[in-house]
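An overview of the molecular structure
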Amino acid sequence: MGSKYTKRYSAEYRRDAIELVRSSGRTVTGVARELGISSESLRGWVKKARAAQDAGSTPASVRAADDRDEELKRLRKLTAEQAKTIEILEKATVRSMGRCNIPGSTVAGGVAGGEDRTSGVVGRAEA
């Protein structure tokens, strides 16, 4: 999973950066420095574009692959958020066992109602 500070670049920006590397004849590091982006990011984009070109992919399929990558990142982020939510809810459930949110009432054995204090009958609601 990536850093929460990861920058997002549009597919158009990536294509332009890749084209600049290809057409300028400069190094990936030099172009990345000029654009103010990570050289590793640009190197990965160029590598992916070369692989797609070597495989005979069209620009539409490259866009589809980018869309799939973005969707995968979004879903991984959502999964991580949901896992954190589940963990928080599980902890809250464990901590609240044996408690009731009705003032003046207690919970016996984790079930509301409990034992009637006057008659000793279990399960009868207090008036």
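Please refer to the structure placed before this passage.
To start, this report covers the structure provided alongside it. None of these values were measured; they are calculated from a predicted model. (Residues numbered from 1 in each chain as written. Predicted model: local features only at pLDDT ≥ 70, side-chain atom pairs only at ≥ 80, totals over all residues. Heavy atoms only, no water.)

Focus: the side chain of Arg14
Note the following rule: Helix and strand assignments follow DSSP, with helices taken as H or I runs no shorter than four residues and strands as E runs no shorter than two, numbered in order from the N terminus. Distance and chemistry together define a polar contact, namely a pair of N or O atoms within 3.5 Å, with one atom able to donate a hydrogen and the other to accept it when in protein, and with adjacent residues in sequence counting only for side-chain atoms on both sides. A contact between two residues is defined here by any heavy atoms of the two lying within 4.5 Å.
Among the structural elements, Arg14 can be located in helix α1 (residues 11-24). A distance of 2.9 Å separates the side chain of Arg14 from the backbone oxygen of Tyr9, its partner in a polar contact. When neighbours within four sequence positions are excluded, Arg14 is seen to be in contact with Tyr9, Trp45, Asp66 and Glu70.

A word on the packing of helix α2 (residues 28-35) against helix α3 (residues 39-54)
Stated precisely, the cut-off is as follows: Comment: axis = line fitted to C-alpha atoms, over the contacting stretch for helices; angle = value between 0 and 180 degrees taken between N-to-C directions. An angle counts as roughly parallel when it lies under 35 degrees, as roughly antiparallel when it exceeds 145, as roughly perpendicular when it falls between 65 and 115, and as oblique in every other case. Rotating anticlockwise by less than a right angle from the far helix to the near helix defines a left-handed crossing, while the corresponding clockwise rotation defines a right-handed one. Lys, Arg, Asp and Glu make up the charged group, whereas Ala, Val, Leu, Ile, Met, Phe, Trp, Tyr, Cys and Pro make up the nonpolar group; the residues left over, Gly among them, are polar.
Interaxial distance between α2 and α3 falls to 9 Å at its minimum, and their mutual angle equals 120°. Considering their axes alone, α2 and α3 lie oblique with respect to each other. Our pair here, α2 against α3, has a crossing hand that is right-handed. Side by side, α2 and α3 meet where Val28, Thr29, Val31 and Ala32 of the first sit next to Ser39, Leu42 and Arg43 of the second. Residues of the contact of α2 with α3, tallied by class, amount to four nonpolar, two polar and one charged.

Details of α2
Definition in use: Note on exposure labels: buried denotes an accessible area under 20% of the residue type's maximum, exposed denotes more than 50%, and partly exposed covers the range between, all computed with a 1.4 Å probe on protein chains only. This arc is taken over the directions from the axis of the helix to the C-beta atoms.
Within the sequence span of α2, burial applies to Val28, Val31 and Ala32. Angular distribution of buried residues about the axis of α2 spans 100°; they occupy a single face of the element. Residues of α2 that are exposed and point over 90 degrees away from its buried face: Arg33 and Glu34. Directly after α2, the chain includes Gly36, whose backbone phi takes a positive value near 75°.

Description of the packing of α1 against α2
When two helices pack together, their arrangement is given by the angle between the helix axes and by the axis-to-axis distance. Direction vectors running N to C along α1 and α2 enclose 135°, while the axes themselves pass 10 Å from each other. What the angle tells us is that α1 and α2 run oblique. Between α1 and α2 the crossing geometry is right-handed. In this structure, α1 contributes Tyr13, Ala17, Leu20, Val21 and Ser24 to the contact, and α2 contributes Val28, Val31, Glu34 and Leu35.

Brief notes about the pattern of salt bridges
Basically, it comes down to this: A side-chain nitrogen of Lys or Arg and a carboxyl oxygen of Asp or Glu constitute a salt bridge if their distance falls within 4 Å.
Within the structure shown, the criterion is met by seven salt bridges. Note that Glu70 and Arg8 form a salt bridge whose closest N and O atoms lie 3.5 Å from each other. On the criterion of sequence distance, the pair formed by Glu70 in helix α4 (residues 59-96) and Arg8 in the segment before α1 is long-range, its members being 62 residues apart. Its relative accessible area of 29% is what places Glu70 among the partly exposed residues. Residue Arg26 pairs with Glu34 through a salt bridge whose shortest N-O separation is 2.6 Å. A residue is classified by how much of its surface remains accessible, and Arg26, at 37% relative accessible area, is partly exposed. One network of salt bridges, in which partners are shared, links Arg8, Arg14 and Glu70.

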